[in-house]
Amino acid sequence: MVGINTYPGHAFCREEYVEAIKKMIAHAEDNGIDCDVLVVWNGNQPTWGFDGWKVIEFNPSNEDRGIDILYKKQNIIRKEFLKRNFTHLFMSETDTIPVEDTITEFVKYDKDIVSSPYFIESQNSAMANIPLDNPKYAQFKKYDANKVIFQRNYDVPCVWGLFGNQSRMWSTEDLFPQRGLVRAVATGIGACLIKREVLASVGEFQIRAGNEVQQFTDFIFGVKAYNEGFELCVDTDRISNHLHYDFDDEQIFTKWFNPAETIESANPFCS
């Protein structure tokens, strides 16, 4: 089953996304893999673009945050999947464009979980002393402060890798030297194939309880699966195209790289 999690905010790339999913399904079916599609939608607009696919509408409460809506919709997909005799769930998010042969190859690998890497935005902050004796920084004296925070936005693969007995999020430099299947602890589940026994054993998608610093469901799910002995791999030869809409500049751009043979830069802000 292909489980699609979506909302009106991804309308900017819906036609491109739906076309890519149809091609991926056609490729799988040409190789003997039957696919059904379930779309779980929330939003105050009528659904469009998913003709011929089953759509379930989720109505969040006034108290639901974005992260609450995310995990509740993922659990609707999981529940519907487990009701029937599907062998695998391909979890998909509608701003993540997979390569055409993704399902076909992922099923062939016969791993517990196989994910396609894609890039997300991360931030890095550092504090430094302001050299107030330098005329360039004299304007900071009026703020009665002697430190400044520098913040850098950058894109990284949504993969928490294994490094000996430790784990951390991959950098771009971790991704590109490695080819084929690479073992990981957790990955984004915007283009991810999960075996039935994993979903049945690990249980529902979750967020952290209470007022703890929140982590998206993909990390928590991956760590639970890892602790139960399931094997999660990322396919570094099949990078999905993670699209981003810039509301200020009114343009759509890829998160850093096209998933083409050349892996050329596709972000206008990177050179």
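Summarised in this report is the structure supplied together with it. (Residues numbered from 1 in each chain as written. Predicted model: local features only at pLDDT ≥ 70, side-chain atom pairs only at ≥ 80, totals over all residues. Heavy atoms only, no water.)

## Thoughts on the nonpolar core
Membership of the largest hydrophobic core comes to 31 residues, with the highest contact counts inside it found for Met1, Leu89, Ile113, Ile194, Val198, Leu199 and Phe221. At the level of secondary structure, the elements contributing two or more residues to this core comprise strand S2 (37-41), helix H2 (66-83), strand S4 (88-93), strand S11 (181-187), strand S12 (191-195), helix H5 (196-202), helix H6 (217-227) and strand S13 (232-235). Contact partners of Ile194, with chain neighbours within four places excluded, come to Thr87, His88, Leu89, Asp112, Ile113, Leu199 and Phe221. In this structure, Ile33, Cys35, Ile97 and Phe106 belong to the second largest nonpolar core, which totals 25 residues. (Core = buried A, V, L, I, M, F, W, Y, C linked by side-chain atoms within 4.5 Å. Buried < 20%, exposed > 50% of the residue type's maximum accessible area, 1.4 Å probe, protein only. Helix = DSSP H or I, 4+ residues; strand = E, 2+ residues; numbered from the N terminus. Contact = heavy atoms within 4.5 Å.)

## Examining the packing of aromatic side chains
This model, assessed by the stated rule, comprises six aromatic pairs. Here Phe119 and Phe176 contribute two aromatic rings whose centre-to-centre distance is 6.3 Å and whose plane-to-plane angle is 25°, an arrangement assigned as stacked. With Phe119 in strand S7 (residues 119-129) and Phe176 in the loop between helix H4 (172-175) and S11, the pair connects residues that are 57 residues apart, well separated along the chain. Since its relative accessible area comes to 2%, Phe119 is described here as buried. Look at Phe176 and you get partly exposed, because its relative accessible area is 25%. (Phe/Tyr/Trp six-rings, centres within 6.5 Å; stacked < 30°, edge-to-face > 60°.)

## Notes on the environment of Leu132
Structurally, Leu132 is set in the loop between S7 and strand S8 (147-157). When the C-alpha positions of Leu132 and Lys147 are compared, they lie 9.7 Å apart, and in sequence the two are 15 residues distant.

## Describing the sheet that holds strand S9 (residues 159-163)
Within a sheet, each strand pairs with its neighbour through backbone hydrogen bonds, oriented either parallel or antiparallel. The 10 strands are arranged S3-S2-S1-S4-S12-S6-S13-S11-S9-S10 in an open sheet whose pairing can be described as mixed. Whereas interior strands pair on both sides, the edge strands pair on one side only; in this sheet they are strand S3 (54-57) and strand S10 (166-169). Pairwise comparison of adjacent strand axes, ignoring direction, gives a mean angle of 30° for this sheet. Sheet topology places S9 next to S11; three bridges connect them, and they run antiparallel. Bridge assignment links Gly161 to a residue of S11, and that residue is Ala184. Across the sheet, helix H1 (residues 14-30) touches strand S1 (2-6), S2 and S4, and the angle it forms with S4 is around 160°. (Pairing = 2+ DSSP bridges. Axes fitted to C-alpha atoms, helices over the stretch in contact; angles between N-to-C directions.)

## Focus on a negative patch on the surface
Taken together, the side chains of Glu29, Asp30, Asp34 and Glu100 present a region of like negative charge at the surface. Mapped onto the elements of the fold, Asp30 is located in helix H1. (Patch = residues over 30% accessible without salt bridge, like charges linked within 9 Å, V, L, I, M, F, W, Y side chains within 5 Å. Areas by Shrake-Rupley, 256 points an atom, 1.4 Å probe, with all protein chains shown as cover. Salt bridge = Lys/Arg side-chain N within 4 Å of Asp/Glu carboxyl O. Lys, Arg positive; Asp, Glu negative; His and termini not counted. Charge placed at Lys NZ, Arg CZ, Asp CG, Glu CD.)

## With respect to the environment of Ile207
On the secondary structure map, Ile207 appears in the loop between H5 and H6. Once the C-alpha coordinates of Ile207 and Asp68 are considered, the two residues, 139 residues apart in sequence, prove to be 7.9 Å apart.

## Some points on the side chain of Thr96
When you line up the elements, Thr96 lands in strand S5 (residues 96-97). Taking relative accessible area as the criterion, Thr96 reaches 0% and is therefore assigned buried. One polar contact links Thr96 to Asp95, side chain to side chain, over a distance of 3.2 Å. Apart from the residues within four sequence positions on either side, Thr96 is in contact with Tyr17, Tyr118, Gly190, Ala191, Ser240, Asn241 and His242. (Polar contact = N/O pair within 3.5 Å; in protein donor to acceptor, adjacent residues only side chain to side chain.)

## Some points on the pattern of salt bridges
If you walk through the whole model with that rule in mind, you get 12 salt bridges. Here Asp101 ties to Arg238 by a salt bridge, and the two come within 2.9 Å at their closest N and O atoms. A residue pair is termed long-range when its members are at least 10 positions apart, and Asp101 in the loop between S5 and helix H3 (102-109) and Arg238 in the loop between S13 and strand S14 (241-246) qualify at 137 residues. The same class applies to Asp101 and to Arg238, which are both buried. Put simply, Arg238 and Asp235 hold a salt bridge, and the shortest N to O gap is 2.9 Å. In terms of burial, Arg238 and Asp235 fall into one category: buried.

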